[in-house]
Amino acid sequence: MKTEQEIQTNTILHSAPLPSKKLKYLFTFLLVLLLIFLSGQKIGFSFYELLIGLPNMGDLLVQMFPPNWAYFVRITEPILDTIRIAILGTTFGAILSIPLALLAAKNIFQSNWITYPARFILNLIRTIPDLLLASIFVAIFGIGAVPGILALAGFSFGIIAKLFYEAIESIDKGPLEAMTAVGANKIKWIALGVIPQVIPQFTSFFLYMFEVNIRAASVLGLVGAGGIGLYYEQTLGFFEYDKTASIIIYTLAVVLIIDIISNKLREKIL
């Protein structure tokens, strides 16, 4: 039997008001502000310097307008090269991602000796920025489209494989159990039980990665990896900001068109 004092203590503890949701939100908000402030302090960020630089940004925008519309003719072929680089890089990366994604999925290979090394490779690849990959390949193959294609292939490979193995791990286990019961081997198990379930997601990942790579390919030329980026470097280097504005507008139009088409395709697939 509990004593009267124990009963009173339990009553007080259970009746004590819990922290309200507003208080939790306030604490979280203050914690985020503190992290932002400390991060800014460590890297030397200053709102004062930002405000001082705003007039210079305004001067740059004034020099960029009106754009040099005649320059559109000159950059049409480089824009098309950028699209081609993105197509090839995304395609190669997507193809290479399939076997490693299967190795990384724990519902396909239950052994940690297989899944952990596969995931480690994916984490390693995603750690390397696409610009660094492009710089490495430029040093190996020289200036041109090949380094850009290889850089985007590696970039796409890491991201698509990550998304793909997560999609594989969420598939319906019923067909797999049925195929196991009738003695299907691993190859048939994957080809007939896994791939058909994840084709729509894989196609969606491919289209999303292609959208991302169009933007990335536009920048890779800054390190000599082909595409429209070479013209960014030239026009900025010679202070021809009206031509830079033309490149930005042209690239934006292409990206918007591709985004619209890609979104429509993804809606139909999913």
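**Some points on the overall build of the protein chain**
The helix and strand tally for the protein chain stands at 11 helices and 0 strands. The order of helices and strands in the protein chain, counted from the N terminus, is α-α-α-α-α-α-α-α-α-α-α. Its C-alpha radius of gyration of 27 Å places the protein chain more than 25% over the 18 Å reference for a compact globule of 270 residues. Dimensions of the protein chain along its principal axes, counting C-alpha atoms only, are 90 × 65 × 35 Å. For the protein chain, buried positions account for 34% of its 270 residues. Put simply, 74% of the contacts in the protein chain that link residues at least 6 apart link residues at least 24 apart. Only carbon and sulfur atoms are counted for the fraction: they give 72% of the accessible area of the protein chain, which is about 17000 Å². Positive and negative charge centroids in the protein chain, built from 19 and 17 side chains respectively, lie 8 Å apart.

**Observations regarding the packing of helix α7 (residues 145-169) against helix α9 (residues 186-220)**
Helices that pack against each other are described as a pair by the angle of their axes relative to one another and the distance between those axes. Remark: α7 packs on α9, axes separated minimally by 9 Å, with the N-to-C direction vectors making an angle of 150°. For the crossing formed where α7 meets α9, the hand is right-handed. Of α9, the residues touching α7 (which contributes G148, A151, L152, F155, S156, I159, I160, L163, F164, A167 and I168) are V194, V198, Q201, F202, F205, F206, M209, V212, N213, A216, A217 and L220. Across the contact of α7 with α9, the residue classes break down as 19 nonpolar, 4 polar and no charged.

**Notes on the environment of Y48**
Its location among the elements puts Y48 in helix α3 (residues 47-64). Sequence spacing of Y48 and Y116 is 68 residues, and the spatial spacing of their C-alpha atoms is 47 Å.

**Side note on the packing of helix α6 (residues 130-141) against α7**
It is the contact of α6 with α7, at a shortest axis distance of 8 Å, that shows an interaxial angle of 140°. The orientation of α6 relative to α7 falls into the category oblique. You can see that α6 and α7 cross each other, and the crossing is right-handed. For the pair formed by α6 and α7, the contact residues are D130, L133, A134, F137, V138 and F141 on the first element and V146, P147, L150, A151, G154 and F155 on the second. Looking at the contact of α6 with α7 residue by residue, the class counts come to 10 nonpolar, 1 polar and 1 charged.

Thresholds applied
Residues numbered from 1 in each chain as written. Predicted model: local features only at pLDDT ≥ 70, side-chain atom pairs only at ≥ 80, totals over all residues. Heavy atoms only, no water. Helix = DSSP H or I, 4+ residues; strand = E, 2+ residues; numbered from the N terminus. Rg over C-alpha atoms; globule rule 2.2 N^0.38 Å. Buried < 20%, exposed > 50% of the residue type's maximum accessible area, 1.4 Å probe, protein only. Contact = heavy atoms within 4.5 Å. Areas by Shrake-Rupley, 256 points an atom, 1.4 Å probe, with all protein chains shown as cover. Lys, Arg positive; Asp, Glu negative; His and termini not counted. Charge placed at Lys NZ, Arg CZ, Asp CG, Glu CD. Axes fitted to C-alpha atoms, helices over the stretch in contact; angles between N-to-C directions. Left-handed = near helix turned anticlockwise from the far one by under 90°. Nonpolar A, V, L, I, M, F, W, Y, C, P; charged D, E, K, R; others polar. Parallel < 35°, antiparallel > 145°, perpendicular 65-115°, else oblique.

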